[in-house]
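Here is what each chain is made of, one letter per residue.
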Amino acid sequence: LGDYVDRGPDSRGVVERLIEVADAYPCEFLLGNHESMLLDYLGWEGPAYFGADVFLPNGGAETLLSYGWCETRPPRPDEFSLPPKHEAFFRALRLHHADGAYLFVHAGLGRTLTRTSDASWALSHARVEELLWDRASADLQHELGVTIVYGHTPRPDFQVRWNLPHSIGIDTGAVYGGLLTAIRLPDETIFQV
């Protein structure tokens, strides 16, 4: 669900592991707001890449260190490059994924889009900022006909946010000392480490 970087000392290792998993199993990886900030910082252009100005203070410095940048000043985009497999990984990140009774997003859809009854229409009209940064809409009741599975916003007690049949929030604050959570679907079994 995104945020593979900026959330600890080995972002490069996390991406390397995800690439290994994708080589062994079919996977869909979503873009999170932290990948968006990183890629904007590196000069990537497109509507999904923004937030470079807050990249470094939000874990970006650790991410750059994990990729071997040890200078005392931030790199310019022309001085820093991702390994080719990592660049391909980042280019393949999607903003959302629908699968059966579930819709996967990093953060949310936005309040106005949860008022519709057509999930495909809502996704086609979703703003990138809401998909990556929204903290207000994912737990709202809706008539989209799917359960939204999202990350981005841990509860204060670092528990899974169950709001069935509307949503399941699986960010349980691993970056803040909580557990790392995964969910198996469709039986909605939680796995945590």
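Look above for the structure.
A brief report on the enclosed structure follows. Since the model is a prediction, treat every value here as computed from it, not as a measurement.

This paragraph deals with the environment of Ile170. Of note, Ile170 is situated in the loop between β5 (167–169) and β6 (181–184). If we skip the residues at most four places from it in the chain, Ile170 touches Leu1, Tyr150, Thr181 and Ile183.

Moving on: the side chain of Thr172. Its location among the elements puts Thr172 in the loop between β5 and β6. Its relative accessible area of 2% is what places Thr172 among the buried residues. There is a polar contact of 2.5 Å between the side chain of Thr172 and the side chain of Thr181. Look past the residues within four positions of Thr172 in its chain and what remains in contact with it is Pro154, Phe158, Gln159, Val160, Gly178, Leu179, Leu180, Thr181 and Gln192.

Below, the discussion takes up the layout of surface pockets. Counted as a void, the largest pocket has a volume near 1,500 Å³. Looking at the lining of the largest pocket, the elements with two or more residues in it are α1 (11–24), α2 (33–41), β1 (96–99), β2 (102–105), β6 and β7 (189–192). Take the lining of the largest pocket: its biggest share by element is five residues, from α1. A per-class count over the lining of the largest pocket returns 27 nonpolar, 14 polar and eight charged.

Residue position: Asn33 is located in helix α2. Ignoring any residue separated from it by four or fewer positions in sequence, one finds Asn33 in contact with Asp3, His106, Leu132, Trp133 and His152.

Turning our eyes to something else, we now look at α1. In this model, α1 (14 residues) spans 20 Å end to end at C-alpha, consistent with the 20 Å of a helix rising 1.5 Å per residue. Taken as a whole, α1 has its buried residues at Ser11, Val15, Leu18 and Ile19. For α1, the angular spread of buried residues about the axis comes to 105 degrees, placing them on one side. Every exposed residue of α1 that faces more than 90 degrees away from the buried side is listed here: Asp23 and Ala24. In the core, the buried residues of α1 are packed alongside α3 (60–66) and α4 (84–91).

What counts, and at which threshold
Residues numbered from 1 in each chain as written. Predicted model: local features only at pLDDT ≥ 70, side-chain atom pairs only at ≥ 80, totals over all residues. Heavy atoms only, no water. Helix = DSSP H or I, 4+ residues; strand = E, 2+ residues; numbered from the N terminus. Contact = heavy atoms within 4.5 Å. Buried < 20%, exposed > 50% of the residue type's maximum accessible area, 1.4 Å probe, protein only. Polar contact = N/O pair within 3.5 Å; in protein donor to acceptor, adjacent residues only side chain to side chain. 1 Å grid on protein atoms, 1.4 Å probe; cavity = no way out; pocket = protein on both sides within 12 Å on 5 of 7 lines; lining within 4 Å. Points joined across faces, edges and corners; volume = space filled by probe spheres on them. Nonpolar A, V, L, I, M, F, W, Y, C, P; charged D, E, K, R; others polar. Expected span 1.5 Å × (residues − 1). Arc of directions from axis to C-beta.

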